[in-house]
Amino acid sequence: MANTERTFIMIKPDGVHRCIVGEIIKRFEQKGFKLVALKMMQASQELLETHYGDLSSKPFFPGLVKYMASGPVVCMVWEGLNAVKTGRVMLGETNPADSKPGTIRGDFCVQVGRNICHGSDAVESAQKEIALWFKPEELVAWSPNQAPWVYE
Ligand code: DAT
Ligand code: MG
């Protein structure tokens, strides 16, 4: 069952403008995770305020919402063994200055306020975020041919 853990990964407006969408999708594909849902959209301020609700008291909150609403985002659900934790490792630290080379933030950005991608931080928050950003019918049920080569 753990192989069906799901995480919500979002490419932020800077990642879209800077043409890193394909690179980020490539990394999750190549890792062996299964793409369950994918869409590009312009997020509303209301949706972003809900998504980042836990951070509403932070001084950077208004700037964060403005930045996230400043352009399109690419929203994805990826599934696999330890998808939440491993997804966060693949993204790197919140502050790109602390992110190791080889991680997405470590390789492609420099400042915390322009860190190009979002990833759920726990299984519970992943479930909440997936339900917030996707309708149930947008999650696609399918069996990748590679599954027996990714999992023993
Ligand atoms: P993460 O995105 O790694 O889960 P978070 O949930 O603590 O990090 O914060 C959400 C986003 O808010 C983060 O990706 C970038 C922004 N942010 C966090 N700390 C910040 C700060 N000190 N200054 C500016 N933006 C910040
Ligand atoms: Mg977070």
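Rules of the game
Chains are numbered independently. Their residues run from 1 in the order of the written sequence. The naming scheme follows written order: chains are lettered A onward, ligands numbered 1 onward. Local features are withheld for residues below a pLDDT of 70 in this predicted model, meaning they are given only at 70 or higher, and side-chain atom pairs are given and counted only at 80 or more; totals for whole chains, interfaces and linings count all residues. Derived side-chain values reflect all non-hydrogen atoms in the structure, with water molecules and hydrogen atoms excluded from consideration. Each helix is a run of DSSP H or I of at least 4 residues and each strand a run of E of at least 2, with the numbering of both proceeding from the N terminus. A 1.4 Å probe rolled over the protein chains alone gives each residue an accessible area, and that area as a share of the maximum for its type sets the label: buried under 20%, exposed over 50%, partly exposed in between. Under the convention used here, Asp and Glu are negative, Lys and Arg are positive, and both His and the chain ends fall outside the count. A carboxyl oxygen of Asp or Glu within 4 Å of a side-chain nitrogen of Lys or Arg is what we treat as a salt bridge. Nitrogen and oxygen atoms within 3.5 Å of one another constitute a polar contact, given that in protein one can donate a hydrogen and the other can accept it, and given that sequence-neighbouring residues count only through two side-chain atoms. The criterion used for residue contact is that any of the two residues' heavy atoms lie within 4.5 Å. UniProt positions are given in the numbering used here, feature names are shortened, and annotations may be inferred rather than shown by experiment. In these notes, residues near a molecule or strand are those with any non-hydrogen atom within 4 Å of it. For the area figures, the Shrake-Rupley method with a 1.4 Å probe applies, and any residue is considered shielded solely by the protein chains shown. A pocket here means an open set of points on a 1 Å grid, computed over the protein atoms alone, that has protein on both sides within 12 Å along at least five of seven lines. A cavity is instead a set of points where a 1.4 Å probe fits but cannot get out; residues with an atom within 4 Å of a point line either one. Should more than half of a molecule's atoms lie within 2 Å of a pocket's or cavity's grid points, that molecule is taken to sit in it. We call Asp, Glu, Lys and Arg charged. Ala, Val, Leu, Ile, Met, Phe, Trp, Tyr, Cys and Pro are nonpolar, and the rest, Gly among them, are polar. Paired strands, in this sense, are two strands between which DSSP finds at least two bridges. Axis definition: a line fitted to C-alpha atoms, over the contacting stretch in the case of helices. Angles run 0 to 180 degrees between N-to-C directions.

Caption draft 1: Expanded view of the side chain of Lys12. With respect to the helices and strands, Lys12 occurs in the loop between strand E1 (6–11) and helix H1 (13–17). For the buried residue Lys12, which engages in no salt bridge, the nearest side chain bearing the opposite charge is Asp14, 6.7 Å off. Looking at Lys12, its side chain comes within polar contact range of the side chain of Asn115, at 2.7 Å. In contact with Lys12, not counting residues within four places along its chain, are Tyr52, Tyr67, Met68, Pro72, Val73, Arg105, Asn115, Ile116, Cys117 and His118.

Caption draft 2: Quick look at the UniProt feature "domain: Nucleoside diphosphate kinase-like" (unreviewed entry) in the protein chain. What UniProt calls "domain: Nucleoside diphosphate kinase-like" (unreviewed entry) maps, in this numbering, to residues 4–141. For residues 4–141, the helix share is 41%, the strand share is 17%, and the end-to-end C-alpha distance is 11 Å.

Caption draft 3: The arrangement of the site of ligand 1 in detail. Inspection of the region around ligand 1 gives Lys12, Tyr52, Leu55, Phe60, Leu64, Arg88, Thr94, Arg105, Val112 and Asn115 as its neighbouring residues. Separating an oxygen atom of ligand 1 from a side-chain N or O atom of Lys12 is a distance of 2.9 Å. At 2.6 Å, a side-chain N or O of Arg88 approaches an oxygen atom of ligand 1. For ligand 1, whose accessible area on its own is 520 Å², the fraction buried by protein is 72%. The cavity where ligand 1 resides is the largest pocket. Along the lines of polarity and charge, the residues of the shell around ligand 1 split into 5 nonpolar, 2 polar and 3 charged.

Caption draft 4: Fine view of the sheet that holds strand E4 (residues 117–119). Ordered in space as E2-E3-E1-E4, the 4 strands form an open sheet in which the pairing is antiparallel. The sheet is open, and its two edges are formed by strand E2 (34–41) and E4, each paired on a single side. Taken pair by pair, the neighbouring strands of this sheet meet at an average axis angle of 15°, ignoring direction. Judged from the 3 bridges that link them, E1 and E4 form a sheet pairing that is antiparallel.

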